[in-house]
Amino acid sequence: MLSFLASALLIASVVANPAKRAGGNLVKCLQADKDLLVFTPSSPEWATVSAPYNYRFTGLFIPTAVVQPTTYGAVSTAVKCGDAAGVHVSPRGGGHSYEAASLGMRNGSLVVDVQLLNDVTVNKKTGVAVVQAGTRLGDMALVIGREGRALPHGVCPTVGTGGHFQGGGYGLDTREWGLALDHTIGAKVVLANGKLVTANANTNSDLFWALRGGGGGFGVVVEWTMQTEVAPSNVVYQLLNWYPRDVAAWNKIFLGYQDFSIHNTPSNWGTRFNIRNEGKGFPVTLQIEALWIGSQASADAAAAKLYAVIGKPDEVILYQSYNWIDGLTKIGGQPSLNTSTFPHPTDNFYEASLMNPENYPINAAASSDYYNFIVNSPQDQIDWFAQMFTRMGQMELYGGKGSFFNTIPEGATAFAHRDTLWTWQFYASAKDRTQLPYPQQGYDFVNGMKQQFLDNMPGADFGAYPNYIDPRLSDWHDRYFEGNYRRLLAIKKIYDPTGLFTKRQVIGDLDDTAPGF
């Protein structure tokens, strides 16, 4: 891990009292462009357009204004107005940031919300899709799916492509196809000077590299060009529950599943381990959530091999074949992939992540201590889960035998964790989804889950997933970006020399002394 001295702070990340500096001049500047919808604290829609996805941040970050451009030129106007007023500019795609990063993570930012830029087109001959950055994942999947095409990406249909693609873009198909960013072949970006530029392998190639895994902060992405895959004709979605009664039973399943994942899981079987207390009279539920790309018969054969190692599930919640679009809909947990047809979910939560290197699997001590911690800790104020998929706690499987994700060379993109076996997501919601402040029990529980692995695996060089941003993470430069940080910082200085797009835990912010939220 690198260490960063105070002298390395190349870009200032705080503008003192930006709201007062902006005054009315910013709003007048914005309102002069007819292609900008402008909202201020006096607008009737303000409570809606300025609301965070995570209720924990309600009232914490108050923008000066929120704008919704309808053209790329209007994005340029907004950036120029913000710069002239001395106000930090914060792009927002889906507004789904876990830690309200799209609101600027400070008071007084100008939020450029690109949700009205949501067109998707597909070239039927080449399979290349052009996706505007305000498009939600579900809506994108519908359009390209109707053309028989697919992309790897997250399962939640309301997540925006603008931020999701910049931080990674994991899905249950990542072991087969990689991350969403691995399919990015170009982008259009409005820079801090207001210019609209193209970034690809031949033009602004350094910016193109940074946009694929650098986590944002280089400009306002307005459009992605993506090379899609042929959509599978059949997938099998599986939800399989085990209810271990004690630590020995837990370890048999947990460690057996890990060993099977490393040595025997084919790339077309995307899996994650969902760990939670479902209140069914057992201390904990271990759930394998999986997507098999292929026939039902081939899925059955693979499942039988897994059951021979860890035993058959105690309960089969779902095990069913679907076509591609219906499978994505079922995984997404909403009635449709069309995000205009249902209310967008929110939550009140804290989360943290660990990315577990492939050469350092979870050991028995960490597994046992983790089980004992989650079984014995107070949980009366929170609902929680941990995911383990060869990506999240949720434990998400990224690596293992034959995973395409691990074949992408280190340095090919700014995504720094190509040696990942698992990504853990540790997550706790307040039982009262409107409780403020968020209960301390939630922070303690999430950090306690994470600490069981840090304490028992001191030799493991854990990373953290940039899309699971955690403002309480002090060594975020290394955890998110590892050895890529200095290169990203140099690129940031070229394209955003004054730090117009800088905020907490975005490239250019080296202030580890700022408080977490």
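Preceding this paragraph is the structure being described.
The sections below set out a description of the structure shown in this document. Given the structure is predicted, the values throughout are model-derived calculations rather than measurements. (Residues numbered from 1 in each chain as written. Predicted model: local features only at pLDDT ≥ 70, side-chain atom pairs only at ≥ 80, totals over all residues. Heavy atoms only, no water.)

Describing the pairing of strand 9 (residues 196-199)
And then number 1: Every second residue of strand 9 is oriented toward a common face, the buried set being V197 and A199 and the non-buried set L196 and T198.
And then number 2: With 4 bridges connecting them, strand 8 (residues 184-190) and strand 9 associate as antiparallel partners. Its bridge partner being in strand 9, V189 is matched across the sheet by V197.
And then number 3: Between the end of strand 8 and the start of strand 9, which pair antiparallel, lie 5 residues, with G194 showing a positive phi angle near 90°. (Buried < 20%, exposed > 50% of the residue type's maximum accessible area, 1.4 Å probe, protein only. Helix = DSSP H or I, 4+ residues; strand = E, 2+ residues; numbered from the N terminus. Pairing = 2+ DSSP bridges.)

A closer look at the sheet that holds strand 8
And then number 1: Taken in spatial order, the 5 strands line up as 5-6-10-8-9 in an open sheet, and their pairing is antiparallel. Strands with a single pairing partner mark the edges of an open sheet, and in this sheet they are strand 5 (120-122) and strand 9. Taken pair by pair, the neighbouring strands of this sheet meet at an average axis angle of 15°, ignoring direction.
And then number 2: Strand direction decides the pairing type here: strand 6 (residues 128-132) and strand 10 (residues 220-227), joined by 5 bridges, are antiparallel. Looking across to strand 10, one finds that V128 is bridged to Q227.
And then number 3: The sheet strands contacting helix 4 (residues 137-146) are strand 5 and strand 6, and the helix crosses strand 5 at an angle near 25°. (Axes fitted to C-alpha atoms, helices over the stretch in contact; angles between N-to-C directions. Contact = heavy atoms within 4.5 Å.)

A word on the side chain of H96
And then number 1: Positionally, H96 belongs in the loop between strand 3 (89-92) and strand 4 (110-113).
And then number 2: Looking at H96, the relative accessible area reads 15%, which means it is buried.
And then number 3: The residues touching H96, leaving out its near neighbours within four places in the chain, are Y53, C156, T158 and V159.

Looking at the packing of helix 11 (residues 364-376) against helix 12 (residues 440-456)
And then number 1: The interhelical angle for the contact between helix 11 and helix 12, taken along N-to-C directions, is 160°, at an axis separation of 8 Å. By the angle between their axes, helix 11 is roughly antiparallel relative to helix 12. Relative to helix 12, helix 11 is oriented so that their crossing is right-handed. Note on element contacts: helix 12 touches helix 11 through D444, F445, G448, M449, Q452, F453 and N456, opposite A365, A366, D369, Y370, F373 and I374.
And then number 2: Across the contact of helix 11 with helix 12, the residue classes break down as 8 nonpolar, 3 polar and 2 charged. (Parallel < 35°, antiparallel > 145°, perpendicular 65-115°, else oblique. Left-handed = near helix turned anticlockwise from the far one by under 90°. Nonpolar A, V, L, I, M, F, W, Y, C, P; charged D, E, K, R; others polar.)

Topic: helix 4
And then number 1: Within helix 4, 7 of the 10 residues are buried, which leaves it mostly tucked inside the rest of the structure.
And then number 2: Buried within helix 4 we find L137, G138, M140, A141, L142, I144 and G145.
And then number 3: G148 lies just past helix 4 and shows a positive phi near 75°.

Overview of the nonpolar core
And then number 1: The biggest cluster of nonpolar side chains holds 106 residues, and the ones touching the most others in it are L30, L110, V112, L207, V220 and W324.
And then number 2: Formed by 49 residues, the second largest nonpolar core is a distinct cluster that contains A290, W422, W424 and F462. (Core = buried A, V, L, I, M, F, W, Y, C linked by side-chain atoms within 4.5 Å.)

Description of the sheet that holds strand 2 (residues 65-69)
And then number 1: The sheet built from 4 strands is open, its strands ordered 1-2-4-3 with mixed pairing. The open sheet terminates on both sides in strands that have one partner only, identified here as strand 1 (36-39) and strand 3. Sheet twist, expressed as the mean angle between neighbouring strand axes with direction ignored, is 25°.
And then number 2: This element, helix 3 (residues 72-85), spans strand 1, strand 2, strand 3 and strand 4 of the sheet and lies at about 170° to strand 4.

Thoughts on unusual backbone geometry
And then number 1: Put simply, L436 and P437 share a cis peptide bond, and its omega is 0°.
And then number 2: Its place among the elements puts P437 in the loop between strand 19 (420-430) and helix 12.
And then number 3: For A100, which is not a glycine, the phi torsion comes out positive at approximately 55°.
And then number 4: Mapped onto the elements of the fold, A100 is located in the loop between strand 3 and strand 4.
And then number 5: Taking the relative accessible area as the measure of exposure, A100 reaches 3% and is therefore buried.
And then number 6: A positive phi angle is found at Q505, which is not glycine, with a value near 60°.
And then number 7: On the secondary structure map, Q505 appears in the segment after helix 14 (485-495).

Observations regarding the side chain of N484
And then number 1: Of note, N484 is situated in the loop between helix 13 (476-481) and helix 14.
And then number 2: Each residue touching N484, except ones within four places of it in the same chain, is listed here: W209, T413, A414, F415 and A416.

A word on the packing of aromatic side chains
And then number 1: Here the structure, examined in full by the defined rule, presents 38 aromatic pairs.
And then number 2: Pairing Y370 with F453 gives two aromatic rings, centres 5.1 Å apart and planes at 40°, and the pair type is tilted.
And then number 3: Owing to a relative accessible area of 0%, Y370 belongs among the buried residues under this scheme.
And then number 4: Ring geometry for W476 versus Y480: centroids 6.3 Å apart, planes at 45°, classification tilted. Here W476 and its partner Y480 are both found in helix 13, 4 residues apart, which amounts to about one turn of the helix. For the residue pair W476 and Y480, the accessibility class agrees, reading buried in each case.
And then number 5: The side chain of R212 reaches across the aromatic face of F208, ending 3.8 Å from its centre.
And then number 6: It is R472 that lies over the ring of Y443; its NZ or CZ is 3.6 Å from the centre. (Phe/Tyr/Trp six-rings, centres within 6.5 Å; stacked < 30°, edge-to-face > 60°. Lys NZ or Arg CZ within 6 Å of the ring centre and 35° of its normal.)

Some thoughts on helix 8 (residues 247-263)
And then number 1: Helix length check: helix 8, at 17 residues, gives a terminal C-alpha distance of 24 Å against a target of 24 Å (1.5 Å per residue), a fit within 8%.
And then number 2: Buried within helix 8 are the following residues: W250, N251, I253, F254, G256, Y257, Q258, F260 and S261.
And then number 3: Structurally, the start of helix 8 carries an N-cap: the backbone nitrogen of A248 is 3.2 Å from a side-chain oxygen of D246. (Expected span 1.5 Å × (residues − 1). Polar contact = N/O pair within 3.5 Å; in protein donor to acceptor, adjacent residues only side chain to side chain.)

Examining the state of the cysteines
And then number 1: Under the counting rule described, the total for this entry stands at 1 disulfide.
And then number 2: The disulfide partner of C29 is C81, and the gap between their sulfur atoms is 2.0 Å. On the sign convention where negative is left-handed, the bridge of C29 and C81, at about -75° about the S-S bond, is left-handed. Residue C29 is found in helix 1 (residues 18-31), and its partner C81 is found in helix 3; the two are separated by 52 residues along the sequence. (Disulfide = S-S within 2.5 Å.)

Examining the packing of helix 8 against helix 9 (residues 296-310)
And then number 1: For the pair helix 8 and helix 9, the least separation of the axes is 9 Å and the interaxial angle reads 135°. As the angle between them shows, helix 8 and helix 9 are arranged oblique. When the axes of helix 8 and helix 9 are compared, the crossing they make is right-handed. Here K252, I253, G256, Y257 and F260 of helix 8 come into contact with helix 9, specifically with A302, K305, L306, V309 and I310.
And then number 2: Within the contact of helix 8 with helix 9, the residues separate by chemical class into 7 nonpolar, 1 polar and 2 charged.

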